[in-house]
Amino acid sequence: MRFARRKPVRSGLLAVLAGLLFACVAPAPAAAQDTTMTMHMGHDMGMGAGWRMVPMDPNMPMLPGIEMEVPPVGAFLPGEGMDPAMFPEAHPSEMVRMADGDTLDIAVSMVRRTLHGHEVVMYGYNGQYPGPLIQAPKDATVVVRVTNEIQMPTTIHWHGVRIDNRFDGVPDVTQAPIQQGESFTYQVNVPDAGMFWYHPHVREDVQQDLGLFGNLLVTSPDPDYYGPAHREEIFVVDDILMDGQGLLPWGKEAPTHSLMGRFGNVMMVNGQTDYRLTAKKGEVVRFYLTDVANTRTFNVVFGGAKTKIVASDVGRFEHEQWVHSVLIAPAERYVADVRFEEPGVHAITNVVQAVNHFAGTFYPEVDTLALVTVSDEEATPDLREAFATLRRNDEVVEDIERYRPLFDKAPDHELETTVRVSGLPIPIVLAMEMDTLYVPPMEFNDAMPMMNWLSTAEQVTWILRDRATGAENGDIHWKFKVGDVVKIRIFNNPKSFHPMNHPFHIHGQRFLVTSMDGVPNDNLVWKDTAIVPVGTTMDILVEMSNPGTWMAHCHIAEHLHSGMMFSFVVEE
Amino acid sequence: MMLLLATLAFTAPARIDPVPAALFCAVPDDVDPPAYYAVDLVTTKRLPGTGHAEGTGHVTFASSPFGVALAPDGSYLYDVAIQLHDMGKPDAGVLVAWATTTQVDQVQRLGALDESLSVRGQVTWNKFLVVVTLEPTDDAAATAWTGPIALRGMSRSGMMHTMAGHGPFQQELCAKYGYR
């Protein structure tokens, strides 16, 4: 049976959700003023339709001709016009240990947060930020009853889990969206050990950005699965876009920031802007990193402490490796062991080379994500020797070895990524045509905040194109059988209006990145999401192990909602 | 019919069965490095036999568990594979490839070119120049070139330029932003 609901994946979903959102949300107030230093000089005039000017570097000149432009959609803020005190104050995430067959109730609700000195209304799972940390043993099935109390329909997608297709959380594909006041019960079977996460698959650009995300830690029965560590820390990296008045509105009928995704200007770890940790001298801390940002790829540096990369999305690497940072794109997960040897206060930072398109330069950008205070007290037991050892995971190597003969087969399918725009303001089109003489492989910062803000999913269509058939996004019709091992070649075409890196995610299956630009990957790990930089050709080998109708898409939320997705069928 | 079956056999997705490691095949080389980021090397015509010489610096990410390799300062960590052609080999001396910043204030030695006029090295800058020089000896410890430049080229990122004073920002004075 061919999948007959491809177009509704996008058009139906977006139309229904946009309509509901528009209908449910109170009208935004009149234009606001912003006089903070983040406001560009000359932009402190009234903006239409409830919009406030997007923050941007005051040293950067405004592109002539777009000074008074606002996105051609309505502005949305949760709880607009309501007193934040009406909503319960959110609190930090709590761990929920679940055994096979256990049930957890999750309420999706509006919460009050204080962020960067502003009291704001956001969303939360059970009033927590992030949502509850669910811990379950490998091969368990846990039951999660979700009740929607927010004004928008929602679902929960169990990211990376090779779950029963009925519970994958894709609206109009695997389930009807959960309307306000309604519930849906997920049976979450967890066949793989590792760190997974859950989030909505309805207007992710809004709901996930407003706090709807949580981790699912699946433990292995093998006590020696990872090397020894003194303790474990969840480390969810995120950003959010704020100005002098609080949260910048989101697009009501369609996402804004469709060209580059909505970069935030306030960094968060575990939903906090001032995350702090303590450690003892010599303590080995296992960090479970998840990037839940809409679009930002982080490069996390652990304050000079020695760092070992251990695992990623769906399990451990073939062998552990020393790294000086952890590069993590939206939706990816990494497990890193870090040994803090030097007493004192150490900053965990995001270290990137940002781009200034106006000046034509790269410049270093370093943001503090968290502070670690390391005491003089020695950690016990002494794990120095064990930490100094890089383990080879024979079980992983043997598992992957079965697939190596297929690494060099011809691709079964080839995709290319590109973008189509229509109706963008002319100055933006002209400026970008000049600017794209060079596009970096990765966009680590929003180098064009105004142009990006003005681009909505109504003007921008991000495209995954089947190179054999020319079919795009929802018109791609792929069909497989359980047991197929499929090689997909993805080319991020740099010759488009605005090329950008894409974190490519496949639901319900696992895959290996076997090579990039023809260079073999020398340390494999099972993935569900992988970065495809601009200009790059990435080969992945997908094990079609899980029957159902599954999504594949870019995990930049605004790209996803600008069309960059398709479904494929895996038959029994 | 046989042709059809044979075609299907090659195009249908494979099904996995345990296979002995001895059957392992290397990853194919049917994917070229990204042409978009390639560095075109242009001759200076200063050396005999280089009048028609050309070359390319193929840029790929260095090995990384994250796919994209970064240096400690967040710059890209690239493998650069230099390949020259249409040139004669020098009678004396050694052709050596170097990378340098656009200010030419720092230099990294990529290595001496081999018999096939190729060499591979690493670069840790986002904007860089590549130069191939004729050196008297193959000195792996050399920190800068001393001989004449035979070919040179610029990373694609060199095409990123200031927009001050022209284009859509014509009213902005270049000097205001440090440009003359």
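Residues numbered from 1 in each chain as written. Chains lettered and ligands numbered in written order. Predicted model: local features only at pLDDT ≥ 70, side-chain atom pairs only at ≥ 80, totals over all residues. Heavy atoms only, no water.

S.K.: What exactly am I supposed to notice about the overall build of chain A here?
M.R.: Counting its secondary structure elements, chain A contains 7 helices and 37 strands. Dimensions of chain A, computed from the C-alpha atoms along their principal axes, are close to 60 × 60 × 50 Å. Across the 572 residues that make up chain A, the buried fraction comes to 67%. In chain A, the proportion of contacts linking residues at least 24 apart, taken out of those at least 6 apart, comes to 79%. Of the accessible surface of chain A, which amounts to about 18,100 Å², a share of 52% is contributed by carbon and sulfur atoms. Charged side chains in chain A number 43 positive and 74 negative. The centres of these two groups are separated by 5 Å. (Helix = DSSP H or I, 4+ residues; strand = E, 2+ residues; numbered from the N terminus. Buried < 20%, exposed > 50% of the residue type's maximum accessible area, 1.4 Å probe, protein only. Contact = heavy atoms within 4.5 Å. Areas by Shrake-Rupley, 256 points an atom, 1.4 Å probe, with all protein chains shown as cover. Lys, Arg positive; Asp, Glu negative; His and termini not counted. Charge placed at Lys NZ, Arg CZ, Asp CG, Glu CD.)

S.K.: For this particular structure, what's the right way to read the overall build of chain B?
M.R.: A count of helical and extended segments in chain B gives 1 helix and 9 strands. Start at the N end of chain B and walk to the C end: the helices and strands fall as α-β-β-β-β-β-β-β-β-β. In chain B, which comprises 180 residues, the share counted as buried stands at 44%. Sequence separation of at least 24 residues holds for 59% of the intrachain contacts in chain B that already meet a minimum separation of 6. Counting only carbon and sulfur atoms, one obtains 58% of the accessible surface of chain B, whose full area is about 9,600 Å².

S.K.: How should helix α4 (residues 394–401) of chain A be read in this particular structure?
M.R.: In an α-helix there are 3.6 residues to a turn, and that puts residues three or four apart on one side. All of the buried residues along α4(A) are Val396(A), Val397(A), Asp399(A), Ile400(A) and Glu401(A). Among the structural elements, β22 (315–323) and β32 (510–516) of chain A are those in contact with the buried residues of α4(A).

S.K.: Explanation requested: the layout of surface pockets in the structure shown.
M.R.: Gaps left between atoms are located by rolling a probe of water-molecule size over the structure's atoms. Residue and element names in this part refer to chain A. If you add up the space inside the largest pocket, you get close to 630 Å³. Taken together, 24 residues make up the lining of the largest pocket; nearest its centre are Asp 57, Asn 265, Tyr 363, Glu 365 and Asp 446. Taken together, the elements giving at least two residues each to the lining of the largest pocket come down to β25 (344–356) and β26 (361–378). When its residues are assigned to classes, the lining of the largest pocket shows 13 nonpolar, 6 polar and 5 charged. Approximately 440 Å³ is the volume attributed to the second largest pocket. (1 Å grid on protein atoms, 1.4 Å probe; cavity = no way out; pocket = protein on both sides within 12 Å on 5 of 7 lines; lining within 4 Å. Points joined across faces, edges and corners; volume = space filled by probe spheres on them. Nonpolar A, V, L, I, M, F, W, Y, C, P; charged D, E, K, R; others polar.)

S.K.: I would appreciate a short explanation of the sheet that holds strand β13 (residues 231–240) of chain A in the present structure.
M.R.: Paired through backbone hydrogen bonds, the strands of a sheet run either parallel or antiparallel to each other. Residues and elements named next belong to chain A. The strand order across the open sheet built from 6 strands is β17-β13-β19-β24-β21-β22, with neighbouring strands paired in mixed fashion. Bordering the open sheet on either side are β17 (266–269) and β22, each of which pairs with just one other strand. Here the average twist between neighbouring strands, direction ignored, is 25°. Sheet topology places β13 next to β17; 4 bridges connect them, and they run antiparallel. Bridging from a neighbouring strand, Ile 240 pairs with Val 266 of β17. (Pairing = 2+ DSSP bridges. Axes fitted to C-alpha atoms, helices over the stretch in contact; angles between N-to-C directions.)

S.K.: What should I look at first to understand the pattern of salt bridges in this one?
M.R.: Pairing is possible between side chains that carry opposite charge, provided their charged atoms lie close to one another. Residues and elements named next belong to chain A. For the structure shown, the criterion picks out 42 salt bridges over all chains. The salt bridge involving Lys 308 is made with Glu 320; its shortest N-O contact spans 3.5 Å. With Lys 308 in strand β21 (residues 306–312) and Glu 320 in strand β22, this pair connects stretches of sequence that are 12 residues apart. By the burial criterion, Lys 308 is buried, and Glu 320 matches it. Arg 384 is paired through a salt bridge with Asp 382; the nearest N and O atoms lie 3.3 Å apart. The exposed category is assigned to Asp 382, whose relative accessible area is 52%. (Salt bridge = Lys/Arg side-chain N within 4 Å of Asp/Glu carboxyl O.)

S.K.: Could you clarify how one ought to interpret a nonpolar patch on the surface in this entry?
M.R.: There is a patch of nonpolar side chains on the surface, built from Leu437(A), Met154(B) and Met159(B) and spanning about 240 Å² of accessible area. Relative to the assigned elements, Leu437(A) resides in the loop between α5 (426–435) and α6 (449–454). (Patch = residues over 30% accessible without salt bridge, like charges linked within 9 Å, V, L, I, M, F, W, Y side chains within 5 Å.)

S.K.: Explain the sheet that holds strand β36 (residues 548–554) of chain A to me, please; I cannot follow it from the model alone.
M.R.: Residue and element names in this part refer to chain A. Taken together, the 5 strands give an open sheet; going across it, the order is β29-β37-β36-β31-β34, and neighbouring strands pair in mixed fashion. Two strands in the sheet have a free side with no partner beyond their single neighbour: β29 (478–481) and β34 (529–532). Between one strand and the next, the sheet's axes are offset by a mean angle of 25°, whatever the strand orientation. In this sheet, β36 lies alongside strand β31 (residues 502–506) in antiparallel orientation, the contact comprising 3 bridges. Each bridged residue has a counterpart across the sheet, and for His 505 the counterpart in β36 is His 553.

S.K.: Whenever I open this one, unusual backbone geometry confuses me. Can you help?
M.R.: Among all residues save glycine, negative phi is the norm, and among peptide bonds the norm is trans. All names here are of chain A. Cis peptide bonds are those with omega within 30 degrees of zero, and the linkage from Tyr 129 to Pro 130 qualifies with -20°. Between Thr 380 and Pro 381 the backbone carries a cis peptide bond, its omega angle lying at -5°. Along the chain, the position of Pro 381 falls in the loop between β26 and α3 (384–388). Phi at Ala 331 is positive, roughly 85°, even though this residue is not glycine. Considering the arrangement of structural elements, one finds Ala 331 in the loop between β23 (326–328) and β24 (333–340). For Ala 331, a relative accessible area of 1% puts it in the buried group. We note that Asn 473 has phi near 45°; this positive angle belongs to a residue other than glycine. One can find Asn 473 in the loop between β28 (460–466) and β29.

S.K.: Just checking my understanding: could you explain the interface of chain A and chain B for this structure?
M.R.: Interface size is commonly expressed as the accessible surface area that is lost when the partners come together. Taken together, the contact pairs 71 residues of chain A with 56 residues of chain B. Taking both partners together, chain A and chain B bury about 5,400 Å²; carbon and sulfur atoms supply 66% of that area. Sorting the residues of chain A by area buried against chain B places Phe358(A), Leu437(A) and Tyr438(A) first, and these three jointly supply 13% of that buried surface. Our count for the contact surface shared by chain A and chain B stands at 0 salt bridges. Counting the contacts that link chain A with chain B gives 9 residue pairs in polar contact (both at pLDDT 80 or more). Of the residues contributing to the side of chain A that touches chain B, the split by class is 40 nonpolar, 17 polar and 14 charged. (Buried area = accessible area lost by both parts, 1.4 Å probe. Polar contact = N/O pair within 3.5 Å; in protein donor to acceptor, adjacent residues only side chain to side chain.)

S.K.: What's the story with empty space enclosed by the protein in this structure? I'm lost.
M.R.: Applying the stated rule across the entire model yields 7 cavities of 30 Å³ or more. The calculated volume of the largest cavity comes to roughly 130 Å³. In this structure, the largest cavity is lined by 15 residues; those nearest its centre are Met60(A), Leu63(A), Met448(A), Met451(A) and Phe169(B). Of all the elements in the fold, those that place two or more residues in the lining of the largest cavity are α5 and α6 of chain A. It is α6(A) that contributes the most residues to the lining of the largest cavity, 3 residues altogether. Here the lining of the largest cavity is composed, by residue class, of 13 nonpolar, 1 polar and 1 charged.

S.K.: Help me understand the environment of Pro72(B), please; the structure alone is not making it clear to me.
M.R.: Relative to the helices and strands, Pro72(B) resides in the loop between β3 (54–61) and β4 (78–85). Linking Pro72(B) and Thr124(B), residues 52 residues apart in sequence, is a C-alpha distance of 9.1 Å. Not counting residues up to four positions away in its chain, the partners in contact with Pro72(B) are His324(A) and Val351(A).

S.K.: Explain α5(A) here, please?
M.R.: Among all positions of α5(A), only Ile428(A), Val429(A), Ala431(A), Met432(A) and Asp435(A) are buried. Looking at the buried residues of α5(A), the elements they touch are α6 of chain A.

S.K.: Just to check I follow, could you spell out the environment of Tyr334(A) for this structure?
M.R.: Residues and elements named next belong to chain A. By secondary structure assignment, the location of Tyr 334 is in strand β24. Separated by 46 residues in sequence, Tyr 334 and Tyr 288 place their C-alpha atoms 6.1 Å apart. Of the polar contacts made by the side chain of Tyr 334, one reaches the side chain of Glu 332; its length is 3.4 Å.

Such coordinate-based values are descriptive only and should not be taken to indicate function.
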